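So the chains spell out like this:
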Amino acid sequence: MKLLVTGGAGFIGSNFILYMLEHHKDYDIINLDKLTYAGNLENLKSIDGSTHYSFIRGDIADAKLVGDIMDTGIDAVINFAAESHVDRSILEPAAFVKTNVLGTQTLLDVAKEKHVSRFVQISTDEVYGSLGATGRFTETTCLHPNSPYSASKASADMLALAYHETFNMPVLITRTSNNYGPYQFPEKLLPLAITNLFENKPVPIYGDGLNVRDWIYVMDNAEAIDRVLHKGKEGEVYNIGAGYESSNISLIKTVVKLMNKSESLITYIKDRPGHDRRYAIDPSKIMNTLGWSSRTSLDIGLKTTIDWYEGNRAWWDRIKSGEYMKYYEQNYSSKGLKAY
Ligand code: NAD
Ligand code: TDX
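Quantities reported herein were computed from a predicted structural model and do not represent experimental measurements. (Residues numbered from 1 in each chain as written. Chains lettered and ligands numbered in written order. Predicted model: local features only at pLDDT ≥ 70, side-chain atom pairs only at ≥ 80, totals over all residues. Heavy atoms only, no water.)

Chemist: Even after reading the chapter, I still don't get the overall build of the protein chain, so can you show me in this structure?
Modeler: The number of helices and strands found in the protein chain is 12 helices and 12 strands. For 340 residues, the compact-globule estimate of 2.2 N^0.38 gives 20 Å, and the protein chain sits close to it at 19 Å. For the protein chain, the C-alpha atoms occupy an extent of roughly 55 × 45 × 40 Å along the three principal directions. For the protein chain, the share of sequence-separated contacts (at least 6 apart) that also reach a separation of at least 24 residues comes to 83%. A total of about 13,900 Å² of accessible surface is found on the protein chain, and carbon and sulfur atoms cover 52% of it. Charged side chains in the protein chain number 36 positive and 41 negative. The centres of these two groups are separated by 3 Å. (Helix = DSSP H or I, 4+ residues; strand = E, 2+ residues; numbered from the N terminus. Rg over C-alpha atoms; globule rule 2.2 N^0.38 Å. Contact = heavy atoms within 4.5 Å. Areas by Shrake-Rupley, 256 points an atom, 1.4 Å probe, with all protein chains shown as cover. Lys, Arg positive; Asp, Glu negative; His and termini not counted. Charge placed at Lys NZ, Arg CZ, Asp CG, Glu CD.)

Structure, rendered in structure tokens:
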């Protein structure tokens, strides 16, 4: 298969590309990424020379570029490209609408025109809104997004499903809970906490710290997306989650303990506006229909992740200093578009 992965220089997209090239050695992957602040080609350094992988810097909202890429013969699109950080969406919603809504709609249009045979839209549990103390999100839970980020992701989901209904497009959607693991940009809770703790800096906790998230190790999500890509039913939504719910404060106290640091570094700060109280995913559908289940316990996943950040300090030092943004110019721009 020849895959177009968008947003492949980000956290989940890069882990997905590494997973796919490891598990499908004859596949070809084109990674289309705009390289916003969140895109980091250093995540994919290990496959730079691979004949099965090419990188193109560009915007998913650029219909001409997307069309040229699809003309090279793309079997499936997996759309990870997005503005993904809730806090940024509160400060600058327009960027979220441009990429997450208009960008997705452009990709859908071009994929329709070029008769791409599979389109996997990567979405989030946040489209369902916030839960009380009990219950879990299923695929039929009503959408009730509360942040500009989740509203833009819900819009993209609805467009994707509308393209399936209206144009019979082969669209599938995954809605995943909070991912963690290697290569996550240190603005998100876990990598921020781990890197700050290594530097003995405070770890900010919003509000009372009792907001609950449902955590999944990123490679387990990559495996689930692979399963949906190959075995999922067109027009369907698949929730992906591992069932590890934790309040933020309890998660961070576990991390502090695993790293042998002091709880005095935990600092409560002003809450995020519109902060969803609890997410919990019911993954029964993908487990029962596609035979997927997560492999990594939260305990093992956290230890692996902490070890990774400890062993890859240069990676996050270069993010914190801004050096990582030079990787494209230093290694790619002179070579031109490798896909052509
Ligand atoms: P990320 O912010 O780490 O990466 C996003 C990538 O998209 C970056 O490489 C960025 O450069 C690229 N990008 C942004 N705008 C683009 C554009 N217009 N054209 C091309 N590329 C563009 O995000 P992530 O955490 O890896 O999330 C990937 C996807 O998974 C997103 O769609 C997100 O909504 C979804 N998701 C993430 C999580 C999570 O916990 N991180 C959970 C559920 C769903
Ligand atoms: O410094 C922090 N302190 C804090 O208490 C940060 C960055 C976050 N938090 C809280 C907010 C959330 O309750 O921790 C929780 C996790 O926050 P984020 O890492 O920002 O993730 P979240 O808002 O839950 O969204 C994530 O999961 C769903 C991803 O960023 C989204 O892209 C994904 O769709």
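Text resumes after the structure shown.
Chemist: What's the story with the sheet that holds strand S1 (residues 2-6) in this structure? I'm lost.
Modeler: The strands that make up a sheet are held in pairs by hydrogen bonds between backbone atoms, and each pair lies either parallel or antiparallel. Read across the open sheet, the 7 strands follow the order S3-S2-S1-S4-S5-S6-S10; overall the sheet is parallel. Of all the strands in the sheet, the pair left with one neighbour each is strand S3 (53-57) and strand S10 (237-240). In this sheet, adjacent strand axes meet at a mean angle of 20° when their direction is disregarded. Strand contacts of helix H2 (residues 63-70): S1, strand S2 (28-33), S3 and strand S4 (76-79), with the helix running at about 175° to S2, the strand carrying the most contacts. The sheet contacts of helix H5 (residues 148-167) involve strand S5 (119-124), strand S6 (171-176) and S10, and relative to S5 the element is tilted by about 150°. (Pairing = 2+ DSSP bridges. Axes fitted to C-alpha atoms, helices over the stretch in contact; angles between N-to-C directions.)

Chemist: Just to check I follow, could you spell out the sheet that holds strand S9 (residues 212-217) for this structure?
Modeler: If you walk across this open sheet you meet the 3 strands as S7-S9-S11, and the pairing is mixed. Each end of this open sheet is capped by a strand with a single partner; those strands are strand S7 (178-180) and strand S11 (244-247). Direction aside, the axes of adjacent strands within the sheet are offset by 45° on average. By the bridge criterion, 4 bridges tie S9 to S11 in an arrangement that is antiparallel. Across the sheet, the residue bridging to Arg213 is Ser246, located in S11.

Chemist: I would appreciate a short explanation of the site of ligand 1 in the present structure.
Modeler: In the region of ligand 1, 28 residues are neighbours, and Ile12, Asp33, Ser84, Tyr149 and Lys153 sit closest. Within the backbone of Ile12, one N or O atom sits 2.7 Å away from an oxygen atom of ligand 1. Contact between ligand 1 and Leu35: an oxygen atom at 3.4 Å from a main-chain N or O atom of the residue. For ligand 1, the accessible surface in isolation is 830 Å², of which the surrounding protein chains cover 97%. The set of elements that each furnish at least two residues to the shell around ligand 1 consists of helix H1 (11-23), S5, H5 and S7. (Near = heavy atom within 4 Å. Polar contact = N/O pair within 3.5 Å; in protein donor to acceptor, adjacent residues only side chain to side chain.)

Chemist: Hey, could you run me through unusual backbone geometry in this one?
Modeler: Trans peptide bonds make up most of the peptide bonds, and negative phi angles are found at most residues other than glycine. In the Ramachandran plot, Tyr183 falls in the positive-phi region, its phi being about 70° despite a non-glycine side chain. Within the secondary structure, Tyr183 sits in the loop between S7 and helix H6 (189-198). The backbone of Asn200 sits at a positive phi, close to 55°, despite the residue not being glycine. Secondary-structure assignment places Asn200 in the loop between H6 and strand S8 (203-206).

Chemist: Is there a simple way to explain H5 in this structure?
Modeler: Quick reminder: α-helices carry 3.6 residues per turn. Residues three or four places apart thus point the same way. With 20 residues, H5 ought to run about 28 Å at 1.5 Å a step, and its terminal C-alpha atoms sit 28 Å apart, in line with that. Taken as a whole, H5 has its buried residues at Tyr149, Ser150, Ser152, Lys153, Ala154, Ala156, Asp157, Ala160, Tyr163 and His164. Next to the buried residues of H5 lie helix H3 (86-91), helix H4 (93-113), S5 and S6. (Expected span 1.5 Å × (residues − 1). Buried < 20%, exposed > 50% of the residue type's maximum accessible area, 1.4 Å probe, protein only.)

Chemist: Would you take a moment to explain the site of ligand 2 for this structure?
Modeler: Looking at ligand 2, there are 19 residues lining it, with Thr124, Glu126, Tyr149, Arg272 and His275 nearest. Take Leu189: an N or O atom from its main chain is 2.8 Å from an oxygen atom of ligand 2. Tyr206 is positioned such that a nitrogen or oxygen atom in its backbone is 2.9 Å from an oxygen atom of ligand 2. Out of a free accessible area of 650 Å², ligand 2 has 94% covered by protein chains. Of all elements in the fold, only H6 and S8 reach the threshold of two or more residues within the shell around ligand 2. Counting residues per element, the shell around ligand 2 draws most heavily on S8, at 3 residues. Grouping the amino acids of the shell around ligand 2 by side-chain chemistry returns 7 nonpolar, 7 polar and 5 charged. (Nonpolar A, V, L, I, M, F, W, Y, C, P; charged D, E, K, R; others polar.)

Chemist: Whenever I open this one, the confidence of the model for the protein chain confuses me. Can you help?
Modeler: Keep in mind that low pLDDT regions are not for reading the predicted coordinates in detail. The predicted model of the protein chain averages 96 in pLDDT, with 98% of residues at 70 or higher. Confidence scores differ between elements of the protein chain, with helix H12 (residues 327-331) showing the lowest mean pLDDT of 84 and S5 the highest of 99. Segment residues 336-340 is flagged for pLDDT under 50; beyond a separation of four residues in sequence, or across chains, it makes 14 contacts in the model. (pLDDT = per-residue confidence, 0-100.)

Chemist: Is there a simple way to think about the environment of Val255 in this case?
Modeler: With respect to the helices, strands and loops of the structure, Val255 is situated in helix H8 (residues 248-258). Here Val255 falls in the buried class, since its relative accessible area comes to 0%. A C-alpha to C-alpha distance of 8.1 Å links Val255 and Ile306, two positions 51 residues apart in sequence.

Chemist: How should I be thinking about the packing of aromatic side chains in this particular structure?
Modeler: Ring pairs (aromatic) are described by centroid distance and by the angle formed between their planes. Under the counting rule described, the total for this entry stands at 16 aromatic pairs. Between Tyr180 and Trp215, the aromatic rings sit 6.3 Å apart at their centres with planes inclined by 70°, giving edge-to-face as the arrangement. Pair noted here: Tyr180 is in strand S7 and Trp215 is in strand S9, with a separation of 35 residues, a long-range link. What links up through ring pairs into an aromatic cluster is the set Tyr183, Trp308, Tyr309 and Trp315. The ring of Tyr328 carries Arg57 above its face, with NZ or CZ at 4.9 Å from the centroid. Over the face of the ring belonging to Tyr37 we find Arg88, whose NZ or CZ atom lies 3.5 Å from the ring centre. (Phe/Tyr/Trp six-rings, centres within 6.5 Å; stacked < 30°, edge-to-face > 60°. Lys NZ or Arg CZ within 6 Å of the ring centre and 35° of its normal.)

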